[in-house]
Structures are given as structure tokens and as C-alpha cells.
Amino acid sequence: MNLSSIWNTAYPIIIAILFFEFIVIIHEGGHFVAAKLMKIKVNEFAIGMGPKIFSFKKKETQYSLRLFPIGGFCAMEGEDEESEVEGSFSSKKVGARIFVVVAGALMNLLLGFVIVLCIVCSQNLVGTTTIAKFADDAVSPSYGLQVGDEIKNIDGMRIYTSTDVNTGFSRSSDGKVEMIVNRDGKDVTLNISFDMEEYEGHKYINMDFWLLGKEKTFTSVLSNTAGSFVSFTRMVFLSVHDILVGKYGLSDLSGPVGAVSIVSDAVKASLGSMLRIMAILTINIGLFNLFPIPALDGWRFFVLLAEGITKKKLPAKWEYIINGVGLALLLLLMFFVTFSDIKRLF
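Residues numbered from 1 in each chain as written. Predicted model: local features only at pLDDT ≥ 70, side-chain atom pairs only at ≥ 80, totals over all residues. Heavy atoms only, no water.

Focus on the overall build of the protein chain
- When its secondary structure is counted, the protein chain shows 8 helices and 10 strands.
- Dimensions of the protein chain, computed from C-alpha atoms along their principal axes, come out at roughly 75 × 60 × 40 Å.
- Scored against the burial criterion, the 346 residues of the protein chain give a buried share of 39%.
- Sequence-distant contacts in the protein chain: of pairs separated by 6 or more residues, those separated by 24 or more amount to 64%.
- Put simply, the protein chain shows about 19,600 Å² of open surface, and 64% of that area lies on carbon and sulfur atoms.
- Averaging the coordinates of the 32 positive side-chain charges in the protein chain and doing the same for the 34 negative ones gives two points 8 Å apart. (Helix = DSSP H or I, 4+ residues; strand = E, 2+ residues; numbered from the N terminus. Buried < 20%, exposed > 50% of the residue type's maximum accessible area, 1.4 Å probe, protein only. Contact = heavy atoms within 4.5 Å. Areas by Shrake-Rupley, 256 points an atom, 1.4 Å probe, with all protein chains shown as cover. Lys, Arg positive; Asp, Glu negative; His and termini not counted. Charge placed at Lys NZ, Arg CZ, Asp CG, Glu CD.)

Below, the structure is given as C-alpha cells:
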């Protein structure tokens, strides 16, 4: 294998790893900026994990770059225990602590919005939900779908953007969908059986038509960006719902290894594919961190919210135990999905 082949294999993986590290930096940077705004003492802000490569201290904060690009942290005084030190996290009012806790996830969501904006701006036209034309071998016209139909609903899922159209079709396991379209001002219900394609053991609908694009203006770009961002957000909640109702099992989940593989494949495909996957991932991470799961920011937000309402703090011992159990379960889940990722790769 020559150097060119090695590089062609390695660079998408490197980009994927750097992107995940960038997501972490944005997340921890959100906590850091919020802590500084609330005048909370930050003991260390680190990029990466493991041994320090180099570090420097400015005022009370140690800034460090660590060996492994697999994470990072923002260590605040009094974050995990009571502290009498001036400017500690534990000494601040509930509102200030809530702001700091949710700031990381909010920064991930903001990053997702910016990436979606880049996607929309890079397109020649802004997507709509109206049928523009069909492929030569299209089967959907035989079921009554026509050029000019505006897709309003797919299998009970309300359609607002072109992203929703893709999501609606991706949820069908057999290619059969019920579509409601607006035609000449009237709603028409169609039952269509699309051809299916298979990729890596999963079957997908072959969407045999193109959607109409409209001219880009400031208003249409902003509107489409907001709509697509909401669609990506909705996609995350639909995925969680599908897991909870048993549509997908734990073996269908992807961990860091699988996610790096997905991003690297997207890097090889096109810039648009790469940006789309990156937007989905950063929005996914931002939302997941806000779920009330012990050891995540969402659990701490829930605890702080309860404290604000009841004016009583959860005893430190119980918070430590709950977070410890939550972290152990998350690590166990991470081990399982990472094992499944590696198994799929080989």
C-alpha cells in the first residue's frame, strides 16, 4: 500500500476524530464562558484527555492540551462538592448554576444551527416539499403521485421541510407509506409501495422523485435553516421513541467507533453529506446531554430545578451515588455499542 492510499484511508478518519473533539471543545467552552460570566472559579480548562502535552496558567485558571483527542473538561471549583472558596460553583444561586450547566448543550445546538445554515447557503436553491419531477423508472406515479403535489404528511408524520420528507421515508421498513399531498388546494391521500434499496444490512426507500427548489433569498435561507434545524431535532426524538417502543434494539445503536466510521464515509462522499452528518451528530449530542439521565447535564439541571422549587438541596451523598450509578450504566452502554461497532466493522 503506497502513501497515497494510506492517506486516502486515514484523512477521513482524522477529520471525523477532529470533528468530535471540536464538538467537545464547543460543549466545554459553553460551560467555561458561562462560568466566567457568572464569576465562577474555573480551576482547569482542558482540551483532550490523558497526560498533559503543555499547559499555562492565566489568573486562577490552568489551560492545558492533553495527549488524547477524545474529550476535554471544564473543572469548576465546588462543582462536585461543597466549597467555601470564593466564586465556587456550589456557592452561586440556582439560576446561575442552571445557566452554567445547560450552556454546554446549548452551544452544541448553536453549532448545529450554524452547520445547517452552511448547508442551506451552499445549495443553489432552497428545498421545498413539492414534487418537481420523477425518475425514468419511478413507480410512485402509478400510485397517483403527480408533479406539483405538495407533500403534507407521511405515515401520520407532519411534513414541513424537505428534511422531513427524508425522515418520513426512512421510518418505513417495507417501502409502503401513506402520503397526504396537497393538490390544487385539496388534500389527497395516496398509498404507495416504493422500491427498496439495501445498504449495510438496512433497507431504505428508493425515493424516485426530486423535490422542487426555490430561489435563495435572505428570508427563504433563514426560514429553511430554522425549519431544517427543527427537523433534525425532531429526528432525534423520533429515534429515541423508536428505541423505546422496540422498533430498534441496542444492537442498532452506534458508539464513538461507529460514529467516526459514519462521519469518515460522509467525508469521502461529499461536503454536503459530511455537513449533514455533522449537524445531526452535534444536535444529537446537545439534546442527549439535556435528557434527565444521571451523570449528564440534564440530570444536574433537573436536580437544580427541583432545588429552585423546593428550596432544598439534594444531599451530596445521594447526588454522588446517583451520578456514580448513572455513569456506570452509561459506560456499560458505551462498551456494548462500541463492541457492536467493532463487530460490524469486521
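Having put the structure on the table, let's press on.
Notes on the layout of surface pockets
- Reported here for the second largest pocket is a volume of approximately 460 Å³.
- Along the wall of the second largest pocket there are 21 residues; nearest its centre are Gln123, Ser162, Thr163, Asn166 and Arg276.
- Within the residue set of the lining of the second largest pocket, elements represented by two or more residues are α2 (94–122), β3 (126–134), α3 (162–170), β10 (209–214), α4 (218–244) and α6 (271–289).
- Here the residues of the lining of the second largest pocket are counted per class, giving 9 nonpolar, 11 polar and 1 charged. (1 Å grid on protein atoms, 1.4 Å probe; cavity = no way out; pocket = protein on both sides within 12 Å on 5 of 7 lines; lining within 4 Å. Points joined across faces, edges and corners; volume = space filled by probe spheres on them. Nonpolar A, V, L, I, M, F, W, Y, C, P; charged D, E, K, R; others polar.)

Some thoughts on the environment of Met107
- Relative to the helices and strands, Met107 resides in helix α2.
- A residue is classified by how much of its surface remains accessible, and Met107, at 31% relative accessible area, is partly exposed.
- Met107 sits 191 residues away from Gly298 along the chain, and the two C-alpha atoms are 14 Å apart.
- Ignoring sequence-local partners within four residues, the contact set of Met107 consists of Ile26 and Gly30.

Some words on the nonpolar core
- With 30 residues, the main nonpolar core has Phe20, Ile115, Phe232, Val263 and Ile283 as its most contacted residues.
- Those elements that provide at least two residues to this core are α1 (3–37), α2, α4, α5 (256–269) and α6.
- Counting residues per element, this core draws most heavily on α6, which supplies 8 residues.
- What Phe232 contacts, discounting residues up to four positions off in sequence, is Val116, Thr163, Arg276, Ala279, Ile280 and Ile283. (Core = buried A, V, L, I, M, F, W, Y, C linked by side-chain atoms within 4.5 Å.)

Shape is all these values report; function is a separate question.
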